[in-house]
Amino acid sequence: METPYSSKSVISIENLDHYFGKGQLCKQVLFNINLTINAGEIVIMTGPSGSGKTTLLTLVGGLRSAQSGSLQVLNRQLCGAKNGQLTQARRNNGYIFQAHNLHGSLTAIQNVRMALEVLPKISPSEMLERSQAMLQAVGLGERLNYYPDNLSGGQKQRVAIARALVSQPKIVLADEPTAALDKQSGRDVVEIMQKLAKEQGCTILLVTHDNRILDIADRIVYMEDGHLIRNGVGTMAMNE
Ligand SMILES: Nc1ncnc2c1ncn2[C@@H]1O[C@H](COP(=O)(O)OP(=O)(O)OP(=O)(O)O)[C@@H](O)[C@H]1O
């Protein structure tokens, strides 16, 4: 199923449909989605509530299984993939969600380190060094041993970014990463994401309602009622 990673596109979606429920309760929520995302691109997906953005993001992330059409992520076909194959696919991704999902009983550095524990051939000292360096990169070098409860919302989200990026994933998927943050903290976290992703050459697909961060995107795509209705370049697409 897996072919050597060669093409420039890391995410390639063709004629993707998605349904929730069965029988009479079956409801189609994605309709004929076509989208190609290239290596290193930052793509923002926006659109009204209920339009299908999170559903599409979770399909790309292998967090639910794609049913109909074609969904290739890093040359791996996820449509019809088995649970084991989805688990493998998830290892290539970093995830950042609105509610940062940090473990309250672990310190900042322990939370970040957890993302490295699934990697083969990495020594405890390397895990520690990389976690420390990544927390320094997000401006939390002085907060390594703080528990989430003792960090602000913006700081917690920066720990979540460090955790998502520490394993140098090819793809980062972010769902409303600034929703719980004030204007300045929101701006700071996306700028950190943008800078680190560009340094690592990683691709970002980010869902947001936050118009204040649209300018960090290389491209903005717009969903409405389960259809991808605009597939534009930069903020130009939003000003049509
Ligand atoms: N697990 C589920 N079971 C049934 N229907 C679902 C499920 N998850 C989402 N839906 C429905 O699918 C549609 C798309 O939802 P989705 O969460 O993808 O939209 P969204 O654009 O991300 O919305 P928001 O911006 O509010 O997060 C909605 O009609 C929603 O009610």
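None of the values given here were measured: they were computed from a predicted structure.

The rules behind the values
- Residues numbered from 1 in each chain as written.
- Predicted model: local features only at pLDDT ≥ 70, side-chain atom pairs only at ≥ 80, totals over all residues.
- Near = placed C-beta within 6 Å.
- Helix = DSSP H or I, 4+ residues; strand = E, 2+ residues; numbered from the N terminus.
- Core = buried A, V, L, I, M, F, W, Y, C linked by C-beta atoms within 7 Å.
- Buried ≥ 20, exposed ≤ 12 C-beta atoms within 10 Å, placed from the backbone.
- Domains from an automatic or database assignment.
- Contact = placed C-beta atoms within 7 Å.
- Nonpolar A, V, L, I, M, F, W, Y, C, P; charged D, E, K, R; others polar.
- Expected span 1.5 Å × (residues − 1).
- Arc of directions from axis to C-beta.
- Pairing = 2+ DSSP bridges.
- Axes fitted to C-alpha atoms, helices over the stretch in contact; angles between N-to-C directions.

Some words on the site of the ligand
Thought 1: Every residue close to the ligand is listed here: F20, G21, V29, G47, S49, G50, S51, G52, K53, T54 and T55.
Thought 2: It is helix 1 (residues 53-60) that contributes the most residues to the shell around the ligand, 3 residues altogether.

Focus on the nonpolar core
Thought 1: V112, I161, A162, V172 and I204 are the most contacted members of the largest nonpolar core, which totals 60 residues.
Thought 2: Among the elements that take part in this core, helix 5 (residues 153-165) stands out by supplying 6 residues, more than any other.
Thought 3: Counting contributing residues per domain, this core is built from domain 1 (1-92 + 169-181 + 203-240) and domain 2 (99-168), each supplying no fewer than three.
Thought 4: When sequence neighbours within four positions are dropped, the list of residues in contact with A162 reads V112, M134, L135 and V138.

Examining the domain arrangement of the protein chain
Thought 1: One can read the domain layout of the protein chain as domain 1 (1-92 + 169-181 + 203-240) and domain 2 (99-168).
Thought 2: Taken together, the contact between domain 1 and domain 2 spans 6 residues of the former and 8 residues of the latter.
Thought 3: A breakdown of the residues in the side of domain 1 that touches domain 2 according to their chemical character gives 5 nonpolar, no polar and 1 charged.

Quick notes on the environment of S70
Thought 1: With respect to the helices and strands, the residue S70 is situated in strand 4 (residues 68-73).
Thought 2: Sequence-distant contacts of S70, that is, excluding residues within four places in its chain, are made with E14, N15, Q77 and C79.

Remarks on helix 6 (residues 183-200)
Thought 1: Its 18 residues give helix 6 an end-to-end C-alpha distance of 26 Å, which sits within 8% of 26 Å, the value for a rise of 1.5 Å per residue.
Thought 2: Turning to helix 6, its buried residues are G186, V189, V190, M193, L196 and A197. For helix 6, the angular spread of buried residues about the axis comes to 135°, placing them on one side. Of the residues in helix 6, the exposed ones pointing more than 90 degrees away from the buried face are K183, Q184, E191 and E199.
Thought 3: Immediately beyond the C-terminal end of helix 6, within one or two residues, lies G201, with a positive phi of roughly 70°.

Observations regarding the sheet that holds strand 9 (residues 219-224)
Thought 1: If you trace the 6 strands from one edge of the open sheet to the other, you get 6-7-8-3-9-10, paired in mixed fashion. Edge positions in the sheet fall to strand 6 (93-97) and strand 10 (227-231), since each has one partner strand and no second. Across this sheet, the average inter-strand angle for adjacent strands is 20°, counted without regard to direction.
Thought 2: Direction of pairing for strand 3 (residues 42-46) relative to strand 8 (residues 203-207): parallel, over a ladder of 4 bridges. The residue of strand 8 that forms the bridge with V43 is L205.
Thought 3: In the packing of helix 1 onto the sheet, the strands contacted are strand 3, strand 7 (171-175), strand 8 and strand 9, and the crossing angle to strand 8 comes to about 150°.

Focus on the environment of E191
Thought 1: With respect to the helices and strands, E191 occurs in helix 6.
Thought 2: Separated by 119 residues in sequence, E191 and Q72 have C-alpha atoms that sit 28 Å apart.

So, the sheet that holds strand 1 (residues 9-20)
Thought 1: Spatially, the 4 strands line up as an open sheet ordered 2-1-4-5, and their pairing is antiparallel. Across the chains shown, the open sheet's two edge strands, defined by having one partner strand only, are strand 2 (27-38) and strand 5 (76-77).
Thought 2: Sheet analysis places strand 4 next to strand 5, joined by 2 bridges and oriented antiparallel. Within the sheet, the bridge partner assigned to V73 lies in strand 5 and is R76.
Thought 3: This element, helix 1, spans strand 1, strand 2 and strand 4 of the sheet and lies at about 60° to strand 2.

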